[in-house]
Amino acid sequence: MVDSLLGMTSTNGSSVGTQRVKRGLAEMLKGGVIMDVVNAEQAKIAEDAGACAVMALERVPADIRRDGGVARMSDPQMIEDIKAAVTIPVMAKVRIGHFVEAQILESLGVDFIDESEVLTPADETHHIDKFAFTVPFVCGATNLGEALRRVSEGACMIRSKGEAGTGNIVEAVRHLRNIFGDIRKITQADNAELFQWAKTLQAPLGLVQEIAETGKFPVPIFCAGGIATPADAALAMQLGGEAVFVGSGIFKSDDPAPRAKAIVEATTHFRDANVLARVSRGLGAPMTGIAMDEINGTQRFAERGW
Amino acid sequence: MNATVGVLALQGAFAAHAECVASLGLSVVEVRTPEQLKTVDALVMPGGESSTMSQLLLSSGLFDAIAQRIDADMPVFGTCAGMILLASEVLDGRSDQRSFAAIDISVRRNAFGRQIDSFEASIEMPFGDFHGVFIRAPRIERVGAAVEVIGRLGDEPVLVRQGNVLAASFHPELSGDARLHEYFLTTMTTARKV
């Protein structure tokens, strides 16, 4: 039926994989929580709690950090199992620059690909040409220039990198403040200053001019990296994030299901302190977390990507 | 027309809908609580994940409040997941998924496929062709006798109306074209008010 429909409409201009269709799914995920899950059982818990999507991966970032070694795309069988377990969109991660892992995930029919610094980079110069794919991509960024370079390569959603697997929100806050602070300055800049902004950010002038004109970033910006509590999620939203990714923060806590549900409610009602107070009660211990000065430079995921 | 238009903002594409409504010069309220619902004359229910929204409708107390307003003839426009929430029958949904059963249609979730099958195409409307964006879109598989089919993709119904309820399987808020929002707000709100 779908084939016949596409065949039929292709004669009157129907098209798949356009920027509008790809960015459109990012619009649908706004105000929601995307949860890292490592098996079908966790995926069900996430969907039951109200997740708007799940990220299928073999190890949550906290475990990748602990185990060390090379972290790669997940086993396709495990991704298939998670796809079969839930009705919400399923995302999965590929290594930076590893376009063959991306080809494989696209063939599996995942709904969004995360070209992620949490995995070990496969290319230290190039990111994936994301225009070459029908499936949309999300990429991490620590500042506005990095975010715009990813958009120029075809990313349809940007997320703050934060520092994944730490349960520490400080880096995500830094990245969101970098990105939204510079957007606010660009909307005040005159034309001559925009040329300088493009040079400083090492970003395409056209995209910088688009921000100046529209007052907003070209694609949705979500928050990731270090969210462990409902208050963390609401903080990310009040700083300008349009949805949140929660990785280790749920399934590394004492009692994942109620914490997941509380973070979903906090993300929706992010400006309502009464709701935030109610949902924050009695959740048990969050993941322990790591202070940034406990991590040496080579272990910082956020520094991967160029 | 001085209506205040609510956009259900629990999860999903509410920001794009709010922009569309604002472009028509109307005041917009993002609705997350029953108190906010009281301030609006019409409600847009956006796309997003219907399973997520269904849970947040219950935890926020909005489910019963919206059901009462729909019963009392408030005009409501559901797109994609919003249409699923309005349908009398949901196929391939979660077993605990709630819906308002406000329009007599059967819809199947994600029936057009996953994201790689999402597409844009031209839709025939009463006011001319409209560019439709379909994202993991639901399909209207049955239309009740009291339901009017307003827009079609080929032979297939994609925009339907029953009384004060309008439902679309696509995303008019992503087309950069506010004609369908204008259609909803003029034919369904002023008609009742004048």
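A. Structural view of the overall build of chain B. Of the regular secondary structure elements, chain B holds six helices and 12 strands. Computed over C-alpha atoms, the radius of gyration of chain B comes to 15 Å, within 12% of the 16 Å expected from 2.2 N^0.38 for 194 residues, which places it in the range of a compact globule. With the C-alpha coordinates of chain B rotated into their principal frame, the extents come out at 40 × 40 × 30 Å. A total of 194 residues make up chain B; the buried ones form 62% of that total.

B. Spatial organisation of the interface of chain A and chain B. Of the residues lining the interface, 48 residues belong to chain A; the matching set on chain B comes to 46 residues. Taking both sides of the interface into account, the surface hidden between chain A and chain B amounts to around 3,600 Å²; carbon and sulfur atoms contribute 56%. Interface area lost by chain A to chain B is led by R20, M28 and T87 of chain A, which between them contribute 19%. Where chain A meets chain B, there are six salt bridges. With a closest N to O distance of 2.8 Å, E19 of chain B and K216 of chain A form a salt bridge. At the boundary of chain A with chain B, the tally comes to 26 residue pairs in polar contact (both at pLDDT 80 or more). Of all the secondary-structure elements, those providing two or more residues to the side of chain A that touches chain B are α1 (2-10), β1 (15-16), α2 (19-28), α3 (40-49) and α13 (256-268) of chain A. A total of seven residues in the side of chain A that touches chain B trace back to one element, the largest contributor, which is α2 of chain A. Among the residues forming the side of chain A that touches chain B, the class breakdown is 21 nonpolar, 15 polar and 12 charged. When β1 of chain A meets strand β7 (residues 119-125) of chain B, the two strands line up antiparallel, connected through two bridges. Residue S15 of chain A lies in a different strand from β7 of chain B, and its bridge partner there is E120 of chain B.

C. Examining the packing of aromatic side chains more closely. Considering all chains together, one arrives at 11 aromatic pairs over all chains under this definition. Aromatic side chains F222 of chain A and F245 of chain A sit 6.2 Å apart centroid to centroid with 50° between the ring planes, which places their arrangement in the tilted category. With F222 of chain A in strand β8 (residues 221-222) and F245 of chain A in strand β9 (residues 244-246), this residue pair connects regions lying 23 residues apart in the sequence. On the basis of relative accessibility, which here comes to 0%, the residue F222 of chain A falls in the buried class. Residues F134 of chain B and F170 of chain B carry aromatic rings whose centres are separated by 5.7 Å and whose planes lie at 45° to one another, so their mutual orientation is tilted. Here F170 of chain B lies in the loop between β12 (165-168) and α6 (179-193) and F134 of chain B lies in strand β8 (residues 128-134), a separation of 36 residues in the sequence. The two residues F134 of chain B and F170 of chain B agree in class, both being buried. In this structure an aromatic cluster arises from ring pairing among F112, F119, F127, F130, F134, F170 and Y183 of chain B. When the ring centre of F301 of chain A is taken as reference, the NZ or CZ atom of R65 of chain A above it lies at 4.2 Å.

D. Broad picture of the sheet that holds β9 of chain A. Residue and element names in this part refer to chain A. Taken in spatial order, the eight strands of this open sheet run β8-β7-β6-β5-β4-β3-β2-β9, and their pairing is parallel. For this open sheet the edge positions go to β8 and β9, each flanked by a neighbour on one side alone. In terms of strand pairing, strand β6 (residues 137-141) meets strand β7 (residues 157-160) through four bridges, oriented parallel. Paired with A141 across the bridge in β7 is S160.

About the cut-offs
Residues numbered from 1 in each chain as written. Chains lettered and ligands numbered in written order. Predicted model: local features only at pLDDT ≥ 70, side-chain atom pairs only at ≥ 80, totals over all residues. Heavy atoms only, no water. Helix = DSSP H or I, 4+ residues; strand = E, 2+ residues; numbered from the N terminus. Rg over C-alpha atoms; globule rule 2.2 N^0.38 Å. Buried < 20%, exposed > 50% of the residue type's maximum accessible area, 1.4 Å probe, protein only. Contact = heavy atoms within 4.5 Å. Buried area = accessible area lost by both parts, 1.4 Å probe. Salt bridge = Lys/Arg side-chain N within 4 Å of Asp/Glu carboxyl O. Polar contact = N/O pair within 3.5 Å; in protein donor to acceptor, adjacent residues only side chain to side chain. Nonpolar A, V, L, I, M, F, W, Y, C, P; charged D, E, K, R; others polar. Pairing = 2+ DSSP bridges. Phe/Tyr/Trp six-rings, centres within 6.5 Å; stacked < 30°, edge-to-face > 60°. Lys NZ or Arg CZ within 6 Å of the ring centre and 35° of its normal.

On their own, these measurements won't tell you what the molecule is for.
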